[in-house]
Structure formats: structure tokens, C-alpha cells
Amino acid sequence: MFNTSRGISMLLAMAITLLVIAFLSLMEDSTPTVLIVAGAVCLSAAYLLIYITLEFLIFKEVGNIYRVLDKIQKKNPGYITPKGSKNSISPLRKIQGSINSYAAAKNREIEVLQQNDAFRREFIADISHELKTPIFAAQGYIHTLLDGAVEDLNVRDKFLNRAAKSMNNLEKLVLDLITLNQMESGVVKFNFTPFDMAEVVQEVVDQLEDKANRRNVTVKFKPGSEGRFITFADKEKIFRVIQNLISNAIKYNKEDGEVTINLKATKNNITFKVKDDGKGIPPEDLKRIFERFYRVEKSRSREQGGTGLGLAIVKHILEGHKSKISVSSTLGKGSVFSFELPLHKETQEKLVTMFSFF
Ligand SMILES: Nc1ncnc2c1ncn2[C@@H]1O[C@H](COP(=O)(O)OP(=O)(O)OP(=O)(O)O)[C@@H](O)[C@H]1O
Ligand SMILES: [Mg+2]
């Protein structure tokens, strides 16, 4: 009641009236009737004057300022009216509270914008660098051929092959960037169907067999006793996740190394695990390898044809499946990458019954 103009006016008017009555009662000829009349006149006059002053000079203006702050608040969902300021008796303290909280919200916004700006600049620098490498390489080979090397058949074939390889890398980079951009802007649709993870892993292993042989890396995969690992997910995208993880395990392994792939079904989930015995990843790099273009050994990874986008895509695809990628690594010993997908019980049970029947 005392935080409205009426309450405050009444409180002050009563205090003034009490003072006036106390003063008048000191006079000898003041009668109780005079005191009552004087008190009533004083109370109403003081109340009216204080009320008008407060209402028109302070509360109305404060109300206007509040309305403006309210509009700003509605436009800025991050801005929160400070607790207690609404009930504060002093209107100026109320406004100070609101303005302080507005300034804090704006500061936070500025910080986010500055971070985004730094991120954008870093991204443009990275992308220019990544594009420059294959373009300059192909340009170099083509110019050397034009300058006369085309006459030598051996050199011609070698340089044309290298130029074509650079162009392939450029194409992979652009396609990966498009995929990543589509994932981040949420335009990619996920097509969920039941499928067997063991089949997808086997397909990827077959596809990467040549690559493993070239590095003398042994890839071990046995689906385990359950035989079937039916999940409900986007098959094509999960294929891509498994492909990048196994490809990394081969690519960053030591010569003659080993890659072990494991599928394990629990009551509700299927766990995919790929283990290599390569160089491992230093702890300080472990969190950053999922960032776009982040590579542990920049030159080595680029030499091996990597764009540094593979794990960023893996992370986004798994997020789209409400799952996440886990990694553990020991320097000099190797790394383990794993993720979980839900077990599709209905189809799994149907297939198990069907196969036990045969
Ligand atoms: N199994 C692994 N062992 C050691 N380092 C790894 C492993 N997997 C990934 N990395 C490191 O993480 C970096 C990022 O991997 P990512 O798959 O995103 O990119 P990439 O393999 O370089 O390129 P892309 O997958 O696009 O062809 C790699 O460059 C490598 O340095
Ligand atoms: Mg990769």
C-alpha cells in the first residue's frame, strides 16, 4: 500500500496533521472541536497537495520511463527486471535497478557479438587457407605443363594426376563445407529407418580395405555374439560417421598398426567403438579436434588429404541423433572413439525370432 502515490501521500499527510495538532494543542484557547476541524482540514489539504505533486511530477514520469523500459524488455528476451526493484518504495531506485540490469544484458550481448566476430574472422582466414592449398598446387602443375613439361610424357601424366588429385581435394573440401553449413543452419533432414549397424560397419571396412592395405594396417571387426545390431537412425549419415572414424583410425595409425572395431548391444543401446594404436592425441588438443579445420599435426594431416572437417560433421550428425561422440587417447599408444545409438527392440526381436526359426 505504501509504494503507491496514494499511500505515500496519506502517510505524509498524517504525519503533518499530527504535528499541526500537537502544535495547536499547546495553545491555551484551543478546544477539541478546533483541533478536530484543524486536523481534518490539514489532513485533506496535505493529502491532496502531496498526492497531486507525487502523481503528476514523479509517478507519471516514472510510469512513462517504465513503459519505455517495458517495450525494450519485450524486444530483448535476455533482459531481466532485477528482483525486488518492482517492489522498491523509491521510484528512482526502481529505475536504477532496471537500467543496471539492461546495461548488464547489453554488455553480455556485446560480448557474444565480439566472440562471433572473432569466430567469423578466424573462419574466413581458415577457409581461404584451405582453398588456397589445392588451387595453388593445381595451378603450379598446369603452368609447368604449359611451360613445356607437356612434351615429356612421363612428367605430363604425373603432373596431370597430381593436378587432378588437388582438384579432388578441393571438391571434397567444398562438399564438406556445404554439408556442415546445412547441418548448422538446420536445413538437413534426417531420414530415420531401422537398419543393421553391423552391415554398415562391414560396408565401410570393405570400402576402406585398400586404404588400410596401402599403410599395412590390419582392420579387425567381428560383430560379436548377438550378430544383429538393429538401430533406428539415418543410415546414410551414420555410414558417414563410421566412415570418418575408421578412416581416421587408419590414416593416423602407425605403419603395420591395428584398428579394432567393436559393436556392443546393451538393454537399450548399441555402442560403436573404434580403437587404433597410432600416435594418440595430446590432451590439450582432445577437445578441439571437433572444431572445424582443427588438426593436431597440420602439415601431416593435410598431406594425407584431410580437410579437418570430418569430426565436426561427425559431431553434428550425432547431435542430430541426440547422441554424442566420446574420445580417449594416450600419447604414443593410440585413441578410442565411440558413440551410442538406441537399440530398435521391435525389429531386433523380430529378426532374432525369424533367424532362430530357420
Ligand atoms: N584416430 C586418430 N588418431 C590421432 N589423431 C586423430 C585421430 N582422429 C582424428 N585425429 C586428429 O584430429 C584431426 C581432425 O580430424 P578430422 O577427421 O576432423 O579431420 P581430417 O581427418 O584431417 O580430415 P577429413 O576427415 O575431413 O578428411 C585430424 O587432423 C587429426 O589431427
Ligand atoms: Mg577425418
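Residues numbered from 1 in each chain as written. Chains lettered and ligands numbered in written order. Predicted model: local features only at pLDDT ≥ 70, side-chain atom pairs only at ≥ 80, totals over all residues. Heavy atoms only, no water.

**Student:** Whenever I open this one, the site of ligand 1 confuses me. Can you help?
**Tutor:** Close to ligand 1 lie 21 residues; Asn244, Asn248, Tyr252, Thr307 and Leu311 are nearest. Take lysine 251: an N or O atom from its side chain is 3.0 Å from an oxygen atom of ligand 1. In this structure, an oxygen atom belonging to ligand 1 sits 2.9 Å away from a main-chain N or O atom of valine 296. Protein burial of ligand 1: of its 600 Å² of free accessible surface, 97% is covered by the chains. A total of 3 residues in the shell around ligand 1 trace back to one element, the largest contributor, which is helix 7 (residues 235–251). In the shell around ligand 1, the residues fall into 8 nonpolar, 8 polar and 5 charged. (Near = heavy atom within 4 Å. Polar contact = N/O pair within 3.5 Å; in protein donor to acceptor, adjacent residues only side chain to side chain. Areas by Shrake-Rupley, 256 points an atom, 1.4 Å probe, with all protein chains shown as cover. Helix = DSSP H or I, 4+ residues; strand = E, 2+ residues; numbered from the N terminus. Nonpolar A, V, L, I, M, F, W, Y, C, P; charged D, E, K, R; others polar.)

**Student:** Explain the packing of aromatic side chains to me, please; I cannot follow it from the model alone.
**Tutor:** Two measures describe an aromatic ring pair: the distance that separates the ring centres and the angle between the ring planes. On inspection of all chains with the given rule, the structure shows 6 aromatic pairs. Ring geometry for tyrosine 47 and tyrosine 51: centres 5.9 Å apart, planes at 5°, overall stacked. Of this pair, tyrosine 47 and tyrosine 51 are both found in helix 2 (residues 32–75), 4 residues apart, which corresponds to roughly one turn of the helix. Aromatic rings pair up to connect Phe190, Phe192 and Phe232 into one cluster. The side chain of lysine 237 reaches across the aromatic face of phenylalanine 190, ending 5.1 Å from its centre. The ring of phenylalanine 123 carries arginine 292 above its face, with NZ or CZ at 4.2 Å from the centroid. (Phe/Tyr/Trp six-rings, centres within 6.5 Å; stacked < 30°, edge-to-face > 60°. Lys NZ or Arg CZ within 6 Å of the ring centre and 35° of its normal.)

**Student:** Could you clarify how one ought to interpret the coordination of the magnesium ion (ligand 2) in this entry?
**Tutor:** Between any two of four tetrahedral donors, the ideal angle at the metal is 109.5 degrees; between two of six octahedral donors, it is 90 or 180 degrees. For the magnesium ion (ligand 2), the full set of protein donor atoms is Asn244 (OD1) and Asn248 (OD1), at a range of 2.2 to 2.5 Å. Here asparagine 244 and its partner asparagine 248 are both found in helix 7, 4 residues apart, which amounts to about one turn of the helix. Side by side, asparagine 244 and asparagine 248 carry an identical accessibility label, which is buried. (Donors = N, O, S within 2.8 Å, 3.2 Å for Na, K, Ca; no water. Buried < 20%, exposed > 50% of the residue type's maximum accessible area, 1.4 Å probe, protein only.)

**Student:** Is there a simple way to think about the sheet that holds strand 7 (residues 334–342) in this case?
**Tutor:** In a beta sheet, neighbouring strands are held together by backbone hydrogen bonds and run either parallel or antiparallel to one another. If you walk across this open sheet you meet the 5 strands as 2-4-5-7-6, and the pairing is mixed. At either margin of the open sheet sits one strand with a lone partner, and together these are strand 2 (218–221) and strand 6 (326–330). Within the sheet, the average angular offset between the axes of one strand and its neighbour, ignoring direction, is 15°. Bridge count between strand 6 and strand 7: 5 bridges; the pairing is antiparallel. Its bridge partner lying in strand 7, serine 326 is registered against serine 338. (Pairing = 2+ DSSP bridges. Axes fitted to C-alpha atoms, helices over the stretch in contact; angles between N-to-C directions.)

**Student:** In this structure, what is going on with the layout of surface pockets? I would like to understand it.
**Tutor:** Of the voids in this model, the second largest pocket is the one considered here, and its volume is about 510 Å³. If you trace the second largest pocket, you find 24 residues lining it, with Phe290, Glu291, Arg292, Phe293 and Tyr294 closest to the centre. Listed by contribution, the elements that provide at least two residues to the lining of the second largest pocket are helix 3 (91–146), helix 4 (153–184), helix 9 (298–303) and helix 10 (310–320). If you tally residues by element for the lining of the second largest pocket, the top one is helix 3, at 6 residues. Classifying every residue of the lining of the second largest pocket gives 8 nonpolar, 2 polar and 14 charged. Three or more residues apiece are contributed to the lining of the second largest pocket by two domains, here domain 2 (121–184) and domain 3 (192–357). (1 Å grid on protein atoms, 1.4 Å probe; cavity = no way out; pocket = protein on both sides within 12 Å on 5 of 7 lines; lining within 4 Å. Points joined across faces, edges and corners; volume = space filled by probe spheres on them. Domains from an automatic or database assignment.)

**Student:** Looking at this structure, how should I read the environment of lysine 345?
**Tutor:** Relative to the assigned elements, lysine 345 resides in helix 11 (residues 345–357). Given the relative accessible area of 36%, lysine 345 is considered partly exposed. Taking the C-alpha atoms as reference points, lysine 345 and asparagine 269, separated by 76 residues in sequence, lie 9.5 Å from one another. Those residues within four positions of lysine 345 in sequence are excluded, and the remaining contacts are Lys267 and Asn268. (Contact = heavy atoms within 4.5 Å.)

**Student:** Even after reading the chapter, I still don't get the pattern of salt bridges, so can you show me in this structure?
**Tutor:** Two side chains with opposite charge may pair up if their charged atoms get near one another. Taken as a whole and assessed by the stated rule, the structure comprises 13 salt bridges. Ionic pairing is found between aspartate 176 and lysine 172, a salt bridge with its closest N-O pair at 3.2 Å. Highlighted residues: aspartate 176 and lysine 172, both in helix 4, separated by 4 residues, approximately one helical turn. The class for aspartate 176 is buried, based on a relative accessible area of 5%. (Salt bridge = Lys/Arg side-chain N within 4 Å of Asp/Glu carboxyl O.)

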